[in-house]
Amino acid sequence: MKATIRTAAGLALAVTLGGCMGSNELAGTTFGGIAGGVIGNQFGDGDGKVAATALGAVVGASLGGALGRSLDEQSRAMADRATLQAVTSGSSDTYTWENPANAGGPATGQVNVTRVGSNSAGQPCREYISTVRIAGESQEAFGIACREADGSWRIVQ
């Protein structure tokens with residue numbers, strides 16, 4: 001797991017310092033790389049696990065960056081609203097959005113809360129999965145949001 005955290009942190013830092021990408025592409029690359037590294041880390045043992053983590057991070061960053069380039073501001077706002085609705089409800093309902101006029105091709109998405117619980121500080125938290133489809137290409141992201149003392153929700157992972 002330490003290799004996954006180091007790989008993901010290194011990738012996120014490299015992408016952030018690169019600074020030549022637009023914000024959508026940067027976010028997609030960063031989150032795709034982190035998710036890919038975590039998924040890749042589930043395979044192999046020893047040196048093979050490190051290689052699988054690195055490969056997963058690279059593939060995830062590539063796919064995430066491509067989707068990020070294709071998701072316009074209106075679609076991103078729709079996805080954010082669906083995520084907020086899903087985590088505040090705490091139910092397992094599916095929250096969907098659709099933007100046929102997305103700049104990178106028709107975009108749709110859905111968000112589902114997969115687990116409800118609390119963190120070590122006792123704050124209510126929700127694990128969720130978000131799926132985005134742009135022009136027929138699909139990407140999934142997993143996250144955790146926790147409610148702050150003021151009642152607002154913050155994505156923590």
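Scroll up a little and you will see the structure.
Everything in this summary refers to the structure shown in the same document. (Residues numbered from 1 in each chain as written. Predicted model: local features only at pLDDT ≥ 70, side-chain atom pairs only at ≥ 80, totals over all residues. Heavy atoms only, no water.)

**A short note on the overall build of the protein**
Piece 1. Across its full length, the protein holds 4 helices and 5 strands.
Piece 2. Its helices and strands in sequence order give the protein the pattern α-α-α-α-β-β-β-β-β, from N to C terminus.
Piece 3. Counting the 157 residues in the protein, one finds 38% classified as buried.
Piece 4. The contacts in the protein between residues at least 6 apart in sequence include a share of 43% that link residues at least 24 apart.
Piece 5. Of the accessible surface of the protein, which amounts to about 8800 Å², a share of 58% is contributed by carbon and sulfur atoms. (Helix = DSSP H or I, 4+ residues; strand = E, 2+ residues; numbered from the N terminus. Buried < 20%, exposed > 50% of the residue type's maximum accessible area, 1.4 Å probe, protein only. Contact = heavy atoms within 4.5 Å. Areas by Shrake-Rupley, 256 points an atom, 1.4 Å probe, with all protein chains shown as cover.)

**A look at the state of the cysteines**
Such a bond, covalent and formed between the sulfur atoms of two cysteines, is termed a disulfide.
Piece 1. Enumeration according to the criterion identifies 1 disulfide in this entry.
Piece 2. Put simply, C125 and C146 are joined by a disulfide, and their sulfur atoms are 2.0 Å apart. With the S-S bond torsion at 105 degrees, the cross-link from C125 to C146 turns out right-handed. Of the two residues, C125 is situated in strand β3 (residues 124-134) and C146 in strand β4 (residues 137-147); the sequence distance between them amounts to 21 residues. (Disulfide = S-S within 2.5 Å.)

**Observations concerning helix α4 (residues 73-89)**
Piece 1. Compared with an ideal rise of 1.5 Å per residue, which puts 17 residues at 24 Å, α4 spans 24 Å between its outermost C-alpha atoms and is within 8% of the ideal.
Piece 2. Those residues of α4 lying buried are S75, M78, A79, A82, T83, A86 and V87. Axial view of α4: buried residues confined to an arc of 160 degrees, hence all on one face. Opposite the packed face of α4, turned more than 90 degrees from it, sit the exposed residues E73 and R81. (Expected span 1.5 Å × (residues − 1). Arc of directions from axis to C-beta.)

**With respect to the sheet that holds β4**
Piece 1. Spatially, β1-β2-β3-β4-β5 is the arrangement adopted by the 5 strands of the open sheet, whose pairing is antiparallel. Since the sheet does not close on itself, it has two edges, and those belong to β1 (94-99) and β5 (153-155), each with one partner. Across the sheet, the mean angle from the axis of one strand to that of its neighbour is 25 degrees, orientation sign disregarded.
Piece 2. Direction of pairing for β4 relative to β5: antiparallel, over a ladder of 3 bridges. Bridge pairing in β5 places C146 opposite R154.
Piece 3. Against the sheet, α4 touches β1, β2 (107-118), β3, β4 and β5, its axis set at about 170 degrees to β1. (Pairing = 2+ DSSP bridges. Axes fitted to C-alpha atoms, helices over the stretch in contact; angles between N-to-C directions.)

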